[in-house]
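Architecture and fold: a report
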Amino acid sequence: MSSQSQEPRVVSPGFNTRVYAVVRRIPPGCVSTYGDVATVLGSPRVARHVGFALAALRDDTVPWHRVINGRGRISFKGDTVRAIVQRQHLEAEGIEFSPAGVIVLARYRYRFDD
DNA sequence: GGTTTGACCATAA
DNA sequence: CTTATGGCCAAAC
């Protein structure tokens, strides 16, 4: 098979599928950070790719809203809508936000056990 | 197969 | 508290 599709496939992407697998492991009521997910994947420096993978995500089975940045805040770059929706999902799971819109990572952060 | 990008992170001011 | 800059590495162009 010489020519392969340019469009993203449902299986065998390589990196982003691993991201989805880890994010699915985050239980309800807990959150995780891009850096943590990247660390579980084996490289703590690929945090940017975690976000990039979630950006291309359109699978509802992946709780992408449970992933936030290392500062306990929702990162967004132009897509304000996504950030608002994300916050609503987190609040719906019982996660509290500080007045500044910051989540207490020390309390809600999930520990991956592998 | 090189260049740009990106839902980040750490550090500095 | 905020803003700016560099680095990091896989995916997209």
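Up top is the structure these notes are about.
First, a word on scope: everything that follows refers to the structure included in this document. (Residues numbered from 1 in each chain as written. Chains lettered and ligands numbered in written order. Predicted model: local features only at pLDDT ≥ 70, side-chain atom pairs only at ≥ 80, totals over all residues. Heavy atoms only, no water.)

Re helix H4 (residues 80-92)
Relative to the 18 Å expected for 13 residues at 1.5 Å per residue, H4 spans 19 Å between its end C-alpha atoms, a close match to the ideal helical length. Every buried residue belonging to H4 is among Ala83, Gln86 and Leu90, and all of these are buried. End-on, the buried residues of H4 take up no more than an arc of 60°, which puts them together on one face. The exposed residues of H4 that point more than 90 degrees off its buried face are Val81, Ile84 and Ala92. In this fold, the buried residues of H4 make contact with strand S2 (67-68). Phi for Gly94, located one or two positions after H4, is positive at around 95°. (Helix = DSSP H or I, 4+ residues; strand = E, 2+ residues; numbered from the N terminus. Expected span 1.5 Å × (residues − 1). Buried < 20%, exposed > 50% of the residue type's maximum accessible area, 1.4 Å probe, protein only. Arc of directions from axis to C-beta. Contact = heavy atoms within 4.5 Å.)

Let's talk about the pattern of salt bridges
In this structure the tally under the stated criterion is four salt bridges. A salt bridge links Asp36 to Arg109; the shortest N-O distance between them is 2.1 Å. Here Arg109 lies in the segment after helix H5 (105-108) and Asp36 lies in helix H2 (residues 34-41), a separation of 73 residues in the sequence. On the accessibility criterion, Asp36 (17% relative accessible area) is buried. Note on Arg109: relative accessible area 40%, which makes it partly exposed. (Salt bridge = Lys/Arg side-chain N within 4 Å of Asp/Glu carboxyl O.)

Quick word on the protein's contact with DNA strand C
Around DNA strand C, the surrounding shell holds eight residues, and the nearest of these are Phe15, Arg45, Arg48, His49 and Arg73. Phe15 has a polar backbone atom sitting 3.1 Å from a phosphate oxygen of DNA strand C. Within the side chain of Arg48, one N or O atom sits 3.2 Å away from a base oxygen of DNA strand C. Top element by residues in the surface near DNA strand C is helix H3 (residues 47-55). It accounts for three residues. Classifying every residue of the surface near DNA strand C by side-chain character gives four nonpolar, one polar and three charged. (Near = heavy atom within 4 Å. Polar contact = N/O pair within 3.5 Å; in protein donor to acceptor, adjacent residues only side chain to side chain. Nonpolar A, V, L, I, M, F, W, Y, C, P; charged D, E, K, R; others polar.)

Regarding the environment of Pro27
Inspection of the secondary structure puts Pro27 in the loop between helix H1 (15-24) and strand S1 (32-33). Residues Pro27 and Gly70 lie 43 residues apart in sequence; the distance between their C-alpha atoms is 18 Å.

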